[in-house]
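Chain by chain, the residues:
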Amino acid sequence: MIINEIAWAGTWSTLTSDEWIELYNPGSTDINITGWNLKASDGDPNITLSGTIPAGGYFLLERDDNNTVSDIAADQIY
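Residues numbered from 1 in each chain as written. Predicted model: local features only at pLDDT ≥ 70, side-chain atom pairs only at ≥ 80, totals over all residues. Heavy atoms only, no water.

Asker: Outline the nonpolar core, listing residues and values.
Answerer: In this structure, Ile-21, Leu-23, Ile-31, Ile-33, Leu-38, Ile-47, Leu-49, Ile-53, Phe-59 and Leu-61 together form the largest nonpolar core, which totals 10 residues. Looking at this core, the elements with two or more residues in it are β2 (20–24) and β7 (58–62). If near-sequence neighbours (up to four positions away) are discounted, Ile-31 is found in contact with Met-1, Asn-25, Trp-36, Gly-51, Thr-52 and Ile-53. (Core = buried A, V, L, I, M, F, W, Y, C linked by side-chain atoms within 4.5 Å. Buried < 20%, exposed > 50% of the residue type's maximum accessible area, 1.4 Å probe, protein only. Helix = DSSP H or I, 4+ residues; strand = E, 2+ residues; numbered from the N terminus. Contact = heavy atoms within 4.5 Å.)

Asker: If you had to explain the pattern of salt bridges to someone new, which residues and values would you point to?
Answerer: Counted under the stated rule, the structure contains two salt bridges. A salt bridge links Glu-19 to Arg-63; the shortest N-O distance between them is 2.9 Å. With Glu-19 in the loop between β1 (2–7) and β2 and Arg-63 in the loop between β7 and β8 (76–77), this residue pair connects regions lying 44 residues apart in the sequence. It is possible to trace a salt-bridge network through shared partners that takes in Glu-19, Arg-63 and Asp-64. (Salt bridge = Lys/Arg side-chain N within 4 Å of Asp/Glu carboxyl O.)

Below, the structure is given as C-alpha cells:
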C-alpha cells in the first residue's frame, strides 16, 4: 500500500477542514486494511481504517464529510 496523494490543511475551496488522503494498492491482490491505523508523528490525525483496497485500486479518505472531492465518493470519512 502507498500513500498516493494528500491534500492537507485545505484545498481549492480554502476551507482548512477540506482535507483528504488517497491510498493506492499497486499489488495484484486486494488488501484488507480494516483495523490498520494511519497516524501522524504528532498523533493527529490518528485514523483507524476500515475496508479493502482492490488490487491496482485506490482508497479515498475524506475529513468530516463526503464533499471534499466532489466527483469521487469517499471510501471512508474520518
